[in-house]
Structure formats: C-alpha cells, structure tokens
Amino acid sequence: MGVEVGVGAVSRKEQHNVNKLHKRLRRLVGSAIADFNMIEPGDRVMVCLSGGKDSYALLDILRNLQAHAPLQFDLVAVNLDQKQPGFPEHVLPQYLSAIDMPFRIVEQDTYSVVKRLIPEGKTTCSLCSRLRRGVLYRVAGELGATKIALGHHRDDMLETLFLNLFYGGKLKTMPPKLVSDNGRHIVIRPLAYCKEKDLAAYAEIEDFPIIPCNLCGSQKNLQRQAVKEMLQQWDKKFPGRLETMFTALQNIQPSHLADPALYDFQGLKAGNEPVPDGDRAFDPETFELGVNEMPGLGKGLNNEVDS
C-alpha cells in the first residue's frame, strides 16, 4: 500500500509540473504577442510547420490561444515538402487532419537545387533557407495570410546574436517581428520568450510526430551548433546568464556603442544639463555576480542546499 501511495504522489507531482510547463509557455507566447503586437483582430496567421519540435509546439500553443483569447484570428498550417529522400510525407497530413487543422502541403524540390549548387561538405543552410523563404512568401500571398509565424525561440535568437558577432561583424539577431524580404508580409516569432529546453519537454509530453531534417540539421561542425553548445555550457555552469543576455537584447543603449549611423556622435555637443547614465569613462566597471559565478562561493552554497 505504501508503494501505491508513493506512485500516486509522483504521478500528481509530474502532472503538476506538466501543467506548470503548459501555463508558462502559453503565458510567454501571449506576452510576446502582446509586447510586439504580433497578432491583430482578423489576422490570418500562416504557421510554418517543419515537423520539428518547435513548430509543432508553436502551432499547438497558438491553437490554444485562439480558443481562449478574446482576440479573433484564423490559423492555417503550411508545410514545404522539399523532396528530401526518405521524407515521410504522410506524417503531417495525418496529424493535421486528426486535429482538424486547416493546412496546405506545398511540394517543391529545393533539395535537388541545394545539392546541385552546394559542394559536398559545405553548409547548405543558407541557400536552403533562401529558397524556402521564397516559396513560403508566395504561398502566404496565395492564402491571403496577413502574418507568417515561425518557430524560432529565445535560444535561436541568442545563437544568432553570437553568430553575427563572431562571424559576421554585426550586432544583430532574429527580431520577434519584421517585414519580409519582399516587403509584402509581416513575419512573427511568437516563441521569442520561450526556452528551447521547455519546448523540447513540451513536445515530448504532447508526443508530436517529430520529423528530423536530414538535409541540413544533421551536418556536423556547423557554426550554429558550436555556438549552441557554448550557450548550453554557460547555462549549465552559470544559471541565469542566458536570461540576462536576452534581457540585454531589450535594453539597448546606442549612445554607448560605436555605430555613427545609429547615434549622432558627430553632432554630439556639451551642454549645461546633466546626462543620465552618460559619463562612465572614469568609473571602474562593476557588475553584480550571480551566486554561481562567484569563485568558490557557488559550490559551497549548492552543497549546503543539497545537504
């Protein structure tokens, strides 16, 4: 009898954690939509469904918000079948039909184009993305979609920040909302505030029929994979660091960077009024360290907690 009680307690605890995860992700998606005005009344949102965990979670959460939010909007799921060898083309239509979701499967052989133009061993992601974008923009126009929703999350945005910093010489990342390359569509990323590990847990709980990307996702030694591993190590060693970095993306001070196109350094003049947070040139740099970033201290505190 004691074992049965224990099993029941674990089950209730697990269910509690599942409910917390669902609520957290829905709250974060709702906050992102509100903060950036991603979805407006009467919108027709085209959800790009790749078959990966993130786009499944995006569609599922948007469907839940559609059912409960006071905002009225339509959803249509779109998958681009790029004709990769072995692609299980039956999976997504079966899933979408089973949940009664309006959808469109677009068949276009971008795989052959990529393989023909990119030498063996070179990264295919850039060309694949450009070709995919062009097709999806066209389909959005055909469907009358007012917004195009992509499944990029917080970790994708941080990875892109460092990729541009390390390899592109730019300080930029994926924005939560932007105008498409052709200027005709609004692209949104409702998962902008969501952690990848939460989305992975959500996908496992919901048992989505995941389809792996064998064209680019399986390539080894990608720069993005190296940056991903770096961020994962930081997150494990210094909990809270990724949250701080993402907060920095929303707290930009152009006057304290070095882009003359973004801030009028040439026109900068002295005046009689004090400038808030202006002069730090003679001050020592001071930053508050988290417990886990204090040498020798975090370990001791963690041991006390564990004991």
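An account of the accompanying structure is given in this report. (Residues numbered from 1 in each chain as written. Predicted model: local features only at pLDDT ≥ 70, side-chain atom pairs only at ≥ 80, totals over all residues. Heavy atoms only, no water.)

For G151, the location among the structural elements is in the loop between β4 (147–149) and α6 (154–168). Measuring from C-alpha to C-alpha, the distance between G151 and L191 comes to 6.3 Å, with 40 residues separating the pair along the chain. Ignoring any residue separated from it by four or fewer positions in sequence, one finds G151 in contact with D54, L58, D156 and L191. (Helix = DSSP H or I, 4+ residues; strand = E, 2+ residues; numbered from the N terminus. Contact = heavy atoms within 4.5 Å.)

Contact pair α6 / helix α9 (residues 241–249): the axes reach a minimum separation of 11 Å and the direction vectors enclose 75°. Between α6 and α9, the crossing angle belongs to the class labelled roughly perpendicular. On α9, the residues that touch R154, D155, M157, L158, L161 and F162 of α6 are L242, E243, M245, F246 and L249. Residue composition of the contact of α6 with α9, grouped by class: eight nonpolar, no polar and three charged. (Axes fitted to C-alpha atoms, helices over the stretch in contact; angles between N-to-C directions. Parallel < 35°, antiparallel > 145°, perpendicular 65-115°, else oblique. Nonpolar A, V, L, I, M, F, W, Y, C, P; charged D, E, K, R; others polar.)

A word on the sheet that holds strand β5 (residues 177–179). Strand order across the open sheet formed by six strands is β3-β2-β1-β4-β6-β5, with mixed pairing between neighbours. Where the open sheet ends on each side, the last strands, each with one partner, are β3 (103–107) and β5. Within this sheet the neighbouring strands show an average axis-to-axis angle of 25°, counted without direction. The pairing of strand β1 (residues 44–48) with β4 spans three bridges and is classified as parallel. If you follow M46 over to β4, its bridge partner there is I148. The sheet contacts of helix α2 (residues 53–68) involve β1, β2 (74–81) and β4, and relative to β2 the element is tilted by about 165°. Strand contacts of helix α3 (residues 91–98): β2 and β3, with the helix running at about 170° to β3, the strand carrying the most contacts. (Pairing = 2+ DSSP bridges.)

Mapped onto the elements of the fold, N79 is located in strand β2. Of the residues examined, N79 reaches a relative accessible area of 4% and is grouped as buried. Dropping the residues within four chain positions of it, N79 is found in contact with L49, S50, F87, L92, R104, I105 and V106. (Buried < 20%, exposed > 50% of the residue type's maximum accessible area, 1.4 Å probe, protein only.)

Read these as spatial facts, not as claims about activity.
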